[in-house]
Amino acid sequence: MWYLSQINLMEELPLEDLKEIERMAPMSKIPKGTIISSPGEAPPALYLLKKGKVRLYKLNREGKEFTLGILGDGNIFGEVETFSTGTRDTYVEAMEETLLCVLNKKDFEEFMKERPQLAIKLIGILTERLREAEEMLENLAYGSVQKRLLYLLSKLVHHFGNQKGAYWELDLRLSHQDLAAMIGATRETVSATLSELTRQGVISKERNKRDLRIHRKKMESMMNEK
DNA sequence: TCATTAATGTGTT
DNA sequence: AACACATTAATGA
């Protein structure tokens, strides 16, 4: 129940409503690597991600995965005809052990009817995502690869990073290919740009460690320049 | 641990 | 940015 109250959409609900949701959509534990949702099968549902991380991706014509984005604790996603939260034609994979609730379309819509304020809240969440998407588009259209990459890292870091002194620590397991796909660059350019940023001391990576450390001030100042 | 595959680094066009 | 190729890391039997 505590986890439910951590979900953005649900945080202001009274306890009795949380119990109601728990009854309709019991929490399930999803092992790392599980495909939660894939195109083709279309059980319209809303997912409440309580804890963990999921990766949204598509497949290109060669069958390679193309990462669209990452969602973390407290996010909602899924395909409910009433309000698309955007997973049609995309795969959703658990990047780590994840706790989530699955709410079917009927239950979700019933619940929304009872709770107009929830619908308003949902609009707010979708609006925020749209705003971020527009910001990303503008950035993709006009920025250099370095600027786009820094922008992406800043987004990831704000959602998933931990502040450690003058640095952000990011423990995402994204390949350079994934990062490249998200900013519309090639894998090689992303590798080269990351190396360059490492030389400049903006980011650093400990050997044999997946965590990426990003100097906060340097990142911000570099985003404003180039 | 070792062998195989995946990811990454870099020079050239 | 695309390509080729070298090097290094990750995986799993």
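Residues numbered from 1 in each chain as written. Chains lettered and ligands numbered in written order. Predicted model: local features only at pLDDT ≥ 70, side-chain atom pairs only at ≥ 80, totals over all residues. Heavy atoms only, no water.

- Per an unreviewed UniProt entry, chain A goes by CRP/FNR family transcriptional regulator, anaerobic regulatory protein and derives from Melghirimyces algeriensis.

## Focus on the overall build of chain A
1) Next: Each helix and strand counted, chain A has eight helices and 13 strands in total.
2) Next: Counting over 226 residues, chain A shows a buried share of 45%.
3) Next: For chain A, the proportion of contacts with a sequence separation of at least 24, taken over those separated by at least 6, is 67%.
4) Next: Split by element, the accessible area of chain A, about 12,600 Å² in all, is 50% carbon and sulfur. (Helix = DSSP H or I, 4+ residues; strand = E, 2+ residues; numbered from the N terminus. Buried < 20%, exposed > 50% of the residue type's maximum accessible area, 1.4 Å probe, protein only. Contact = heavy atoms within 4.5 Å. Areas by Shrake-Rupley, 256 points an atom, 1.4 Å probe, with all protein chains shown as cover.)

## Details of the protein's contact with DNA strand C
1) Next: Close to DNA strand C lie A185, T186, E188 and T189.
2) Next: Sugar and phosphate atoms constitute 56% of the interface atoms of DNA strand C, taking the interface as everything within 4 Å of the protein.
3) Next: T186 is positioned with one of its backbone polar atoms (N or O) 3.5 Å from a phosphate oxygen of DNA strand C.
4) Next: Here E188 contributes a side-chain N or O atom positioned 3.4 Å from a base nitrogen of DNA strand C.
5) Next: Its residues placed into classes, the surface near DNA strand C shows one nonpolar, two polar and one charged. (Near = heavy atom within 4 Å. Polar contact = N/O pair within 3.5 Å; in protein donor to acceptor, adjacent residues only side chain to side chain. Nonpolar A, V, L, I, M, F, W, Y, C, P; charged D, E, K, R; others polar.)

## What to know about the protein's contact with DNA strand B
1) Next: Taken together, the residues surrounding DNA strand B are S175, H176, R187, E188, S191 and S195.
2) Next: In this structure, a phosphate oxygen belonging to DNA strand B sits 2.8 Å away from a main-chain N or O atom of H176.
3) Next: Take the surface near DNA strand B: its biggest share by element is four residues, from helix α7 (residues 187–199).
4) Next: Along the lines of polarity and charge, the residues of the surface near DNA strand B split into no nonpolar, four polar and two charged.

## Regarding the nonpolar core
1) Next: In this structure, L156, L170, L179 and I214 are the most contacted members of the largest nonpolar core, which totals 31 residues.
2) Next: Of all the secondary-structure elements, those providing two or more residues to this core are α5 (145–160), β11 (167–170), α6 (176–183), α7, β13 (212–215) and α8 (216–225).
3) Next: Ranked by residues supplied to this core, first place goes to α5 with nine residues.
4) Next: Two domains each provide a minimum of three residues to this core, namely domain 1 (3–139) and domain 2 (144–223).
5) Next: Apart from residues lying up to four places away in sequence, L156 is in contact with I70, G161, L170, L172, L174 and L179. (Core = buried A, V, L, I, M, F, W, Y, C linked by side-chain atoms within 4.5 Å. Domains from an automatic or database assignment.)

## Brief notes about the packing of aromatic side chains
1) Next: Under the defined criterion, the tally for this structure stands at two aromatic pairs.
2) Next: Ring geometry for Y47 versus F77: centroids 4.9 Å apart, planes at 10°, classification stacked. Pair noted here: Y47 is in strand β3 (residues 45–51) and F77 is in strand β6 (residues 76–80), with a separation of 30 residues, a long-range link.
3) Next: Ring geometry for Y57 and Y91: centres 5.2 Å apart, planes at 10°, overall stacked. Of this pair, Y57 sits in strand β4 (residues 54–59) while Y91 sits in strand β8 (residues 91–94), and the two are 34 residues apart along the sequence.
4) Next: Judged by its relative accessible area of 22%, Y91 is partly exposed.
5) Next: Lying over the aromatic face of Y167, R213 brings its terminal NZ or CZ to 4.2 Å of the ring centre. (Phe/Tyr/Trp six-rings, centres within 6.5 Å; stacked < 30°, edge-to-face > 60°. Lys NZ or Arg CZ within 6 Å of the ring centre and 35° of its normal.)

## Brief notes about the sheet that holds β13
1) Next: On the basis of which strands lie adjacent, the open sheet formed by four strands has the order β10-β11-β13-β12 and antiparallel pairing. Each edge of the sheet is formed by a strand with only one pairing partner; in this case those strands are β10 (162–164) and β12 (203–205). Pairs of neighbouring strands in the sheet enclose a mean axial angle of 30°, with direction left out of account.
2) Next: Across three bridges, the pairing between β12 and β13 is antiparallel. (Pairing = 2+ DSSP bridges. Axes fitted to C-alpha atoms, helices over the stretch in contact; angles between N-to-C directions.)

## A short note on the packing of helix α3 (residues 105–114) against helix α4 (residues 116–142)
1) Next: Two elements in contact, α3 and α4, have axes separated by 5 Å at closest approach and are oriented at 110°. Compared by their axis directions, α3 and α4 come out roughly perpendicular. Across the interface between the two elements, F108, F111, M112, K113 and E114 of α3 pack against P116, L118, A119 and L122 of α4.
2) Next: The residue makeup of the contact of α3 with α4, split by class, is seven nonpolar, no polar and two charged. (Parallel < 35°, antiparallel > 145°, perpendicular 65-115°, else oblique.)

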